[in-house]
Each structure stands twice: as structure tokens, then as C-alpha cells.
Number of protein chains: 2
Amino acid sequence: VLLPYGVDDAGHVVVAWRDEVLDLSRAEGLDVSRDVFTAGSLNPYMALGPQAWALTRRQLAAAIADQPGAARRPAGAVRLVRPWEVGDFTDFYSSRQHVEAMGRMLRPDEDPLPPAWLHLPIGYHGRSGTVIVSGEPVFRPSGIRPSGIGPGADGPEYGPTGRLDAEVELGFVVGEPVARGHTLTAAEAEGHIFGLVILNDWSARDIQAFEYRPLGPFLGKSFATSISPWVVPMAALDRFRIDGPVQDPAPAPYLKVAEPRNVDVRLQLSVNNTVISTTSSDSLYWSPAQQLAHLTANGAGVLVGDLFATGAISGSTPGTEGSLMEAGGGSRWLADGDVVTIEGWCGSESIGSVTAEVRP
Amino acid sequence: VLLPYGVDDAGHVVVAWRDEVLDLSRAEGLDVSRDVFTAGSLNPYMALGPQAWALTRRQLAAAIADQPGAARRPAGAVRLVRPWEVGDFTDFYSSRQHVEAMGRMLRPDEDPLPPAWLHLPIGYHGRSGTVIVSGEPVFRPSGIRPSGIGPGADGPEYGPTGRLDAEVELGFVVGEPVARGHTLTAAEAEGHIFGLVILNDWSARDIQAFEYRPLGPFLGKSFATSISPWVVPMAALDRFRIDGPVQDPAPAPYLKVAEPRNVDVRLQLSVNNTVISTTSSDSLYWSPAQQLAHLTANGAGVLVGDLFATGAISGSTPGTEGSLMEAGGGSRWLADGDVVTIEGWCGSESIGSVTAEVRP
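Residues numbered from 1 in each chain as written. Chains lettered and ligands numbered in written order. Predicted model: local features only at pLDDT ≥ 70, side-chain atom pairs only at ≥ 80, totals over all residues. Heavy atoms only, no water.

Peer 1: Would you take a moment to explain the overall build of chain A for this structure?
Peer 2: When its secondary structure is counted, chain A shows seven helices and 23 strands. Over its C-alpha trace chain A gives a radius of gyration of 20 Å, about what one expects of a compact globule, namely 21 Å for 360 residues. Along the longest, intermediate and shortest principal axes, the C-alpha atoms of chain A span 70 × 45 × 35 Å. Looking at chain A as a whole, 60% of its 360 residues qualify as buried. Sequence separation of at least 24 residues holds for 72% of the intrachain contacts in chain A that already meet a minimum separation of 6. Here chain A displays about 12,800 Å² of accessible surface, and carbon together with sulfur accounts for 50% of that area. Across chain A, the 27 positively charged side chains and the 42 negatively charged ones have centroids separated by 1 Å. (Helix = DSSP H or I, 4+ residues; strand = E, 2+ residues; numbered from the N terminus. Rg over C-alpha atoms; globule rule 2.2 N^0.38 Å. Buried < 20%, exposed > 50% of the residue type's maximum accessible area, 1.4 Å probe, protein only. Contact = heavy atoms within 4.5 Å. Areas by Shrake-Rupley, 256 points an atom, 1.4 Å probe, with all protein chains shown as cover. Lys, Arg positive; Asp, Glu negative; His and termini not counted. Charge placed at Lys NZ, Arg CZ, Asp CG, Glu CD.)

Peer 1: Whenever I open this one, the sheet that holds strand 20 (residues 274-280) of chain B confuses me. Can you help?
Peer 2: Strand pairing in a sheet takes place through backbone hydrogen bonds and is either antiparallel or parallel in direction. Residues and elements named next belong to chain B. Overall, mixed pairing links the five strands, which are arranged 8-23-22-19-20 in an open sheet. Edge positions in the sheet fall to strand 8 (138-139) and strand 20, since each of these pairs with one other strand and no more. Note that strand 19 (residues 266-271) and strand 20 share six bridges and pair antiparallel. Counted as the bridge partner of Val271 is Thr274 from strand 20. (Pairing = 2+ DSSP bridges.)

Peer 1: Help me out: how do you make sense of helix 3 (residues 96-106) of chain B in this one?
Peer 2: Owing to its 3.6 residues per turn, the α-helix aligns residues three or four sequence positions apart on the same side. If you check which residues of helix 3 of chain B are buried, you get His98, Val99, Ala101, Met102 and Gly103 of chain B. Among the structural elements, helix 5 (205-211) and helix 7 (324-327) of chain B are those in contact with the buried residues of helix 3 of chain B.

Peer 1: When you look at the side chain of Gln208 of chain A in this model, what are you seeing that I'm missing?
Peer 2: Within the element layout of this structure, Gln208 of chain A appears in helix 5 (residues 205-211). Those residues in contact with Gln208 of chain A that lie beyond four places of it in its chain are Ser203, Pro217, Gly220 and Lys221 of chain A.

Peer 1: What is the right way to read the packing of aromatic side chains from this model?
Peer 2: In this description, a pair of aromatic rings is defined by centroid distance and the angle of the planes. Following the criterion strictly, the structure yields 22 aromatic pairs over all chains and no others. Note on Phe92 of chain B and Phe308 of chain B: the rings are 6.4 Å apart at their centroids and 90° apart in plane angle, and the pair reads as edge-to-face. Pair noted here: Phe92 of chain B is in strand 5 (residues 89-92) and Phe308 of chain B is in strand 21 (residues 307-309), with a separation of 216 residues, a long-range link. The pair formed by Phe92 of chain B and Phe308 of chain B is uniform in burial state, with each residue classed as buried. What links up through ring pairs into an aromatic cluster is the set Tyr5, Phe37, Tyr45, Trp53 and Phe194 of chain A. (Phe/Tyr/Trp six-rings, centres within 6.5 Å; stacked < 30°, edge-to-face > 60°.)

Peer 1: Would you take a moment to explain the relation of the copies chain A and chain B for this structure?
Peer 2: Superposition of the two copies of the chain requires a rotation about an axis together with a shift along that axis. Least-squares fitting of chain A to chain B yields an RMSD of 0.0 Å, with the transformation described by 0.0 Å of translation along the axis and a rotation of 180°. Seen this way, the second copy is the image of the first under a two-fold rotation axis. Minimal C-alpha separation from the rotation axis in chain A is found for Gly216 of chain A, amounting to 2.1 Å. Both copies contact each other with a shared surface, as 100% of the interface residues of chain A are interface residues in chain B too. (Least-squares fit on C-alpha atoms with pLDDT ≥ 70 in both.)

Peer 1: What am I meant to see in the interface of chain A and chain B here?
Peer 2: A common way to report how large an interface is uses the accessible area buried once the components associate. Contact residues are listed per partner, giving 57 residues for chain A and 57 residues for chain B. Across the chain A to chain B interface the summed buried area is about 5,000 Å²; carbon plus sulfur atoms make up 64%. Our count for the chain A to chain B interface comes out at six salt bridges. In this structure, Glu136 of chain A and Arg180 of chain B form a salt bridge, with 3.8 Å as the shortest nitrogen-oxygen distance. Where chain A touches chain B, the interface holds 18 residue pairs in polar contact (both at pLDDT 80 or more). Elements that contribute at least two residues to the side of chain A that touches chain B include exactly strand 5 (89-92), strand 6 (123-126), strand 8 (138-139), strand 9 (142-146), strand 10 (156-160), helix 5 and helix 6 (288-296) of chain A. For the side of chain A that touches chain B, the leading source of residues is strand 6 of chain A, giving four residues. (Buried area = accessible area lost by both parts, 1.4 Å probe. Salt bridge = Lys/Arg side-chain N within 4 Å of Asp/Glu carboxyl O. Polar contact = N/O pair within 3.5 Å; in protein donor to acceptor, adjacent residues only side chain to side chain.)

Peer 1: Mind showing me how you'd approach a negative patch on the surface here?
Peer 2: A contiguous patch of negative charge on the surface is contributed by Asp109, Glu110 and Asp111 of chain A together with Asp109, Glu110 and Asp111 of chain B. With respect to the element layout, Asp109 of chain A can be found in the loop between helix 3 (96-106) and strand 6. Given the relative accessible area of 79%, Asp109 of chain A is considered exposed. (Patch = residues over 30% accessible without salt bridge, like charges linked within 9 Å, V, L, I, M, F, W, Y side chains within 5 Å.)

Peer 1: Would you mind showing me how to read the pattern of salt bridges here?
Peer 2: Any two side chains of opposite charge can pair, so long as their charged atoms come close to each other. Evaluated as defined, the whole model comprises 32 salt bridges over all chains. For Glu167 of chain B, the salt bridge goes to Arg205 of chain B, with nearest N and O atoms at 2.6 Å. Of this pair, Glu167 of chain B sits in the loop between strand 11 (164-165) and strand 12 (168-174) while Arg205 of chain B sits in helix 5, and the two are 38 residues apart along the sequence. Under the relative-accessibility criterion, Glu167 of chain B is labelled buried at 3%. Through salt bridges with shared partners, a single network forms among Asp165, Glu167, Asp201, Arg205 and Lys221 of chain A.

Peer 1: Looking at this model, I keep getting lost on the side chain of Ser280 of chain A. Mind explaining?
Peer 2: Residues and elements named next belong to chain A. By the element assignment, Ser280 lies in strand 20 (residues 274-280). Judged by relative accessible area, Ser280 falls into the buried class, the value being 16%. A distance of 3.5 Å separates a polar side-chain atom of Ser280 from the backbone oxygen of Val265. In this view, Ser280 contacts Asp264, Val265, Arg266 and Ile313; residues no more than four positions away in its chain are not counted.

Peer 1: Honestly, helix 2 (residues 50-63) of chain B in this entry has me stumped. Any pointers?
Peer 2: Residue and element names in this part refer to chain B. Taking 1.5 Å of rise per residue, 14 residues should cover 20 Å, and helix 2 covers 20 Å from first to last C-alpha, within 8% of that figure. Residues of helix 2 that are buried include every one of Ala52, Trp53, Thr56, Arg57, Gln59, Leu60 and Ala63, and no others. Tucked into the core, helix 2 has its buried residues touching strand 1 (5-7), strand 2 (13-17), strand 3 (20-23), helix 1 (43-46), strand 13 (193-200) and strand 16 (232-233). (Expected span 1.5 Å × (residues − 1).)

Peer 1: Any chance you could explain the sheet that holds strand 1 (residues 5-7) of chain A here in plain terms?
Peer 2: Residues and elements named next belong to chain A. Reading across from one edge, 1-2-3-4 is the order of the four strands in this open sheet, with antiparallel pairing throughout. Each edge of the open sheet is held by one strand with a lone partner, namely strand 1 and strand 4 (72-74). The sheet shows a mean angle of 35° between the axes of neighbouring strands, direction not considered. (Axes fitted to C-alpha atoms, helices over the stretch in contact; angles between N-to-C directions.)

Peer 1: Explain the pairing of strand 2 of chain B here, please?
Peer 2: It is a general feature of regular strands that their side chains alternate between the two faces of the sheet. All names here are of chain B. Of all the five residues making up strand 2, five are buried; the element is thus mostly covered by neighbouring parts of the structure. Because side chains alternate across strand 2, one face comprises the buried residues Val13, Val15 and Trp17, and the other comprises Val14 and Ala16, equally buried. Where strand 1 meets strand 2, three bridges bridge the pair, whose relative direction is antiparallel. Note that in strand 2 the partner of Val7 across the bridge is Val13. Hairpin geometry of strand 1 and strand 2 is characterised by an intervening segment of five residues between the two adjacent antiparallel strands and by a positive phi of about 85° at Gly11. In terms of strand pairing, strand 2 meets strand 3 through four bridges, oriented antiparallel. Paired with Val15 across the two strands is Leu22, which belongs to strand 3. If you look at the hairpin formed by strand 2 and strand 3, you'll find two residues sitting between the two strands, and Arg18 has a positive phi there, around 50°.

Peer 1: Any chance you could explain the pairing of strand 3 of chain B here in plain terms?
Peer 2: Sheet analysis places strand 3 of chain B next to strand 4 (residues 72-74) of chain B, joined by three bridges and oriented antiparallel. Residue pairing in the sheet places Glu20 of chain B in a bridge with Pro74 of chain B of strand 4 of chain B.

Peer 1: Please explain the environment of Tyr212 of chain A as it appears in this structure.
Peer 2: Take Tyr212 of chain A: it is sitting in the loop between helix 5 and strand 15 (225-227). With a relative accessible area of 12%, Tyr212 of chain A lands in the buried category. Those residues in contact with Tyr212 of chain A that sit more than four places away from it in its chain are Arg107 and Pro217 of chain A together with Pro214 of chain B.

Peer 1: Before we go on, may I ask you to explain the environment of Ser228 of chain A in this structure?
Peer 2: All names here are of chain A. Structurally, Ser228 can be placed in the loop between strand 15 and strand 16 (232-233). Considered as a pair, Ser228 and Asp31 are 197 residues apart in the sequence and their alpha carbons are 28 Å apart. Sequence-distant contacts of Ser228, that is, excluding residues within four places in its chain, are made with Pro83, Ser134, Val197, Ile198, Ser353 and Val354.

Put into C-alpha cells, the structure is as follows:
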């Protein structure tokens, strides 16, 4: 069973099971101190480390059906908040199909694959202060961008984006830290990841296109990043692992990792309940453990609660695009009032969803 | 008087005055609750807002000479820690001389000024988890970079940077937050800045050059950012304000701000006590308030403790470079054991310094 973790609006750590939600601060049969389950976030629990996570998961699985009524509520009666305090937020760019599609649209005169892309997981730091939980609205951002499109366009001016986009991603939260000055290999990094969320990396493409040279995405991305409220433990996903694409040239030694390196999550992007695309994380070139190892390769270390994400996940055929921009060939964008939802499945089991309404 | 704020190794908020350090949790004549002065960081004090900062500053100035012995220590007896919990860290690119010098070296075939640069303050998010205080060592980062230089160089491989650099910057800490969905004009942003630190944005130029297309600096910068331990309140710097360069084209309305918009800080970069360059923040094209207004222009908001910095500050004549790379024409880099110091002055008064030793 998945037994994903969340935090309710009383600040208690909860677990989803069937159509119920279990309040761990009132649960029986757990050795972990109950204090960590009333802390308002998953951070103190994550900080206990992998052995405590594994023990709790074993004890939960054994006792899940026999919990007292005081610990159990129907899922519909529980309101969830952002499940942890996000430290640094890093977004990678690990889907080759997405990178090549964006490159062809944005830089038609260049090789769509950036020069370093096959050698390391390219990424950038995003804004952790605007990571929001599913259900919170997204306000259409304004910014400085061309006031029209094409050769007759006027100069740049400040105003609401006309090219609001969504990106289908997975996010991973660091549970076991690494001290500054130390590094991880990808094999070591596997055990430092606590769990997975579904993530929507909202993007204002006109603002982004104008501002991004040479320092990368900034205000075109920083206004909001939505995550699903349920954090799925990595331990629950072992049976959904799958080999990733062959890596050629061979990665540097610290990026080498055993197969199966990817998690096979099917992801569906919908706008107002109409399906736009269905894609899968099985095709990611750089795996989560490779991404985390790379984050530490310069000795920066990582902290409990740091979030890193895959970048938009695109397939290679129509209907598998990881963003509205790719699905619409650059001509379809989000309107005020649109409700955007990304849902994920492992096999036939839903692992959660992230949704938000676009507001003016 | 400057009366800069710091935090000592007992977690108490302290103020520097002449050759003494005053422990505010033991000071007399202050209306602010003493709890905020034993919190381990400046965040709870900053969160009280601009009226409390102004009141405390007035009361400190009135009572500074008459504090009891229990609140006073010689400056040399106090060990300072990182003065606040850093939220998001943003680094701008606001020195035209620096941008043009870097552009000529890194992108000799292009206009050295990026297309959007005169229209908005270009910046990127950095890693807040590696903001360290003066005195903490910096470990030479490794990364994937070309293993040689020039046409005969081998392919990229993982190893220690051969091009470790320092950048002379000022950093500013947000004390008054802005809620998500709201924006600030540059005029409004002035009052949200609590204070200023001197900042060294360590850079590994070979790692940075290989990785930065198209998402910007990442592991070439994220391994360490050093700040001075003393936070100088903006209120102490009013008499050192100076007009910035003329802005043409006229900035968007939200970026308009009254002169004098810049703070005039003279900054000196030294390696092993040998002066490399002396520059000044008077030449910055985008002022701190313009940078902060831009951070909120897309509705992202800012939180108490967010840090933003100017980018390297360079002048236009030899001896005024804001980085070792510029000063050495691309041929001088930091060696293990080097001690790098940046000191700042307003008029004849030192406003602090940031120093660190490079370790293997």
C-alpha cells in the first residue's frame, strides 16, 4: 500500500488509507514520539532519518486496520495544507523530449539540446516561498514583455502575461541531509529522498522569454509552484521502478546508478476536466537520484525539506506533451477561470493530484 | 551612528558601538520585548516591522552610552554567527560595467548587454542553504567542466574547479514582507528593506561556463555565498545616498524611484591582505529598491529574511573590478589557502567586512 503522508489544517501529520485519513498523533502501535506528528509540517518527522521512516511504515502497515476511532476520519472531512517547510527549491530539465521541443520553439537556429545536457542534469534554483499546495489559487502574473507578437510588435511594457502555461512534473523532497563540503554518489542519494509529489511548474512564457538571457528563468516562473498535498514515500514505489533511457556518453562516476533508475508514474494534464495530454516519467533521462547527487557534487550539501523537481515531462508523440505550450504548438494558453489539474498513477493506483484555478 | 545588528554565539541580538558590543537582551531603555533578542536570529525582530525598527534605533541612540556593564562586552570577546535565517536568495546583475566586461569575455560574438537588461533588473535565484557568515571556510568545489582550456582541450570531466573566483557585492535583507498576489512599486519597496550586508558571491567559472545554457548559473555558484556578520540598518545610511546613473529608456512605472536611489559604499577586495581592487556601489544601474520592486512585480511576494544582492559591482577603470576574473583579465584565480576579504566604507566609516579562507 502507498500510505502517503500529509498534514491537516490542525498541523497534524496524517496518512491516507482507502477512503480514510489517519491522524498519526492519535494512532496506536507506533514507536516514533507523537510530538513530531503535531509539528505543523513533515520536517521533524523527515529529520528522524531513513530507519525511522522504514520502522514507521512497517508498524503502520501492521496496525493500519486496527486503529481507534479517534485517529480515523473520512477522507472528505480533512483539509490538507502544504505538507512541509520547503528549503531550497531546484527545478531540473531532465526530459529530453521536452528540452528538444522547447529548444525548437525558442531557439530555432541552435541545436535544441544545450551543450552540457548529456553530461549533467541541467537545472536552476526556483523560489521556495511560492511553493503552494493543491487548491490554492494561482494569480495571473504581470511582467515586462513584448506588448505584441511578431515583427510589428511594440517595445516591452509591463502588463498581465498573455502566455500562461502549466508544466507536468514530479517533485522530490530531501529527508536525509548532507553537510556542506560533502558529496553523494547517485547510488548513495537514493536513500536521502523521503518522497514524491506531483508538481505544476506554472510558467509565463512571454515574461520568461524576455528576461531569461543569460541568467535563466526568474519572474516567468517564480510566481507559483503547486504541489500535491500527499507525499508518497519512495519506499512505496519500489515495485514501480523501471529502467531509464540508455545514457550515452557514459555519465561521470558520481552520476552512475543501478537500473531500474526511474519511477514509472503516468501523469495526466487536464484543463477544466478536458484531458490535454498523458505522459510518463519512465522516459526521464536523468533520474531523481542522479539529480540529487548532482546537487551535492560541488559540496553545497542539502537540508531536510529541500525540494527538487524533474522539469516538464514530455513524451515523443502527440498527446504526451508535458506543457500546454508544447501540446498547443505555441498557440494555446490558460485563461482566467481555468482549472488545471495534474493527476498521477502508478499502475492502476492513483498517487494523488494537484489542482489550481487561475485567477485574474 | 551606524549601530549595526548581529547575533552572537549564544543566539542573542547584539549591536556594535565603538569598540564594544551591546547585548540587546540585557540592554535598558528599549520598549521591544526582550524575547525577540534571544531568538537565535534577527528574524523575529525584523518581523516587528519598520515602526519598531525606528523606535528601537531612536531608543538605542539615546541610551547607548549609559548601558549597564552586564550588557556590554569588548568587541574582540564576541563571536558572531549568521545573523538571520535566509529565506529565498536572489542575486541580481545590476552593474553595467560588470555585465559588459563579462559579456565581452564569455560571449565575444554577441552584444555584451543582454536584450532585456536596460528594461528590468535581471537576476536569478541562488541557494539560500549555503549562505554562510564571514569566517567560515569555503571548500573548493568540484564539478563537470572541460579538463583543459582551448581548442586542444579534452572533453568534460568531474574534478576540482581551476577557476575559483570572488565577486564583490552588497546584499539586502527583507524585513517587511509582501503577501503573494501583491506587488510593490520601487518607492514603496524602500521601506521594506531592513538592512545591508557585504557579500561575496563565490564562483567557479569553468563549472559555470559549461552548465549555464539555457537555465543560468547553478552549481558554479551554489556552493557558498559569504556575508558580513553585521547588518547595517538602511536608516543609518540615509546620509550616504547618492544619485544613480541616468536610466534611458525610462523604466516601467513600477520601477520609477526618486533620487538619490543608490547607497554610496566603497568596497575593497583583497587576497592575502593585498588589495586587488576598490570599487563603489554608487554606479549601480538598478537600485536596491528597484530590485525588490521587481521581485514582487509578478505577485510572488517576499518573506521576512529573504536576501537579495546586487551582483558583482565593477567600475569602468583598471583597479575598480568587482571580481578577480575581471581584475586579472581571465588569467588569475584563487588558490587553496588564499584568504579573501571584502571590506566596505561609507565615507570614512567602516561598515564591516566579509572574509573566508579557501580550503581544498
